[in-house]
Amino acid sequence: MGVSKITKMIIELQNECQKSDVDPISILRRAFVIAKKLKLDEFQKWVDSELNSYKKPGEVPSYRRIRGILYADLHYSQVPVQIPTDLIDTICTVNVSHAIPELCGMISSDSKAFRVPLQGEMNQTICELTETECQFYILMSKHQLRNIIDSVVNTILNWTLIFEENGVVGEDSTFTEDEVRKANTTYNNYMINGNVGVIQSQEFCRN
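All of these numbers come straight from a predicted model, not from anything done at the bench. (Residues numbered from 1 in each chain as written. Predicted model: local features only at pLDDT ≥ 70, side-chain atom pairs only at ≥ 80, totals over all residues. Heavy atoms only, no water.)

### Section: the pairing of strand β2 (residues 69-74)
Then step 1. Two elements, β2 and strand β6 (residues 136-141), share 4 bridges in a ladder whose sense is antiparallel. Within the sheet, the bridge partner assigned to tyrosine 71 lies in β6 and is tyrosine 137.
Then step 2. Bridge analysis of β2 against strand β3 (residues 77-80) gives 4 bridges, and the strand direction is antiparallel. Of the residues in β3, the one forming a bridge with tyrosine 71 is proline 80.
Then step 3. What sits between β2 and β3 in their antiparallel hairpin is a turn of 2 residues, with histidine 75 showing a positive phi close to 55°. (Pairing = 2+ DSSP bridges. Helix = DSSP H or I, 4+ residues; strand = E, 2+ residues; numbered from the N terminus.)

Below you can see the structure in the form of structure tokens.
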């Protein structure tokens, strides 16, 4: 009878993040389990938001803010809209709050681009600027959506490396009390800033 191989949770997740056919949904689920076992409440909250969507605009991280192209629905046609340069960033930048599984589905679809309708006052403002009554929306590309997913995977990969460096690896789906303590100490000494993957020695930033 052979000796069973000891699995290390952090290393397994680290390896999965580096696969060419990376599965972001599986990675997030594994990260959620690890965050739960390590009692990392803020990290768990972030992973949960990525899996199930961000519920409030103020919670959406900067890597999910995408600048797209303004279009209008006119007579069943997509018509690009010109607006003053000083308003482009304000109007054409949207918070993509969709869950990662939803983004994966959008990327795998036949559509080459995706649109986010402008709501309420913002849509009315464009109507007044263009003197046109219609629905306006922001067009985003698949490449931009892939960048969001890459940012999430890279963030998790960075954290696996940091935990490994600090002696937190987990064996056979469990972590010792010492590893839990080390993980919390390590986590509280770092933050994920606006540029995902760049980690600074401060408290975790709640985007």
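Picking up after the structure, the text goes on.
### Comments concerning the environment of glutamate 50
Then step 1. Considering the arrangement of structural elements, one finds glutamate 50 in helix α3 (residues 41-52).
Then step 2. On the basis of relative accessible area, glutamate 50 is assigned to the buried category, the value being 0%.
Then step 3. Taking C-alpha positions, glutamate 50 is 9.7 Å from valine 60, a pair spaced 10 residues apart along the chain.
Then step 4. When neighbours within four sequence positions are excluded, glutamate 50 is seen to be in contact with Leu28, Pro61, Tyr63, Arg64, Ala99, Ile100, Pro101 and Val152.
Then step 5. A distance of 2.4 Å separates polar atoms of two side chains, one belonging to glutamate 50 and the other to tyrosine 63. (Buried < 20%, exposed > 50% of the residue type's maximum accessible area, 1.4 Å probe, protein only. Contact = heavy atoms within 4.5 Å. Polar contact = N/O pair within 3.5 Å; in protein donor to acceptor, adjacent residues only side chain to side chain.)

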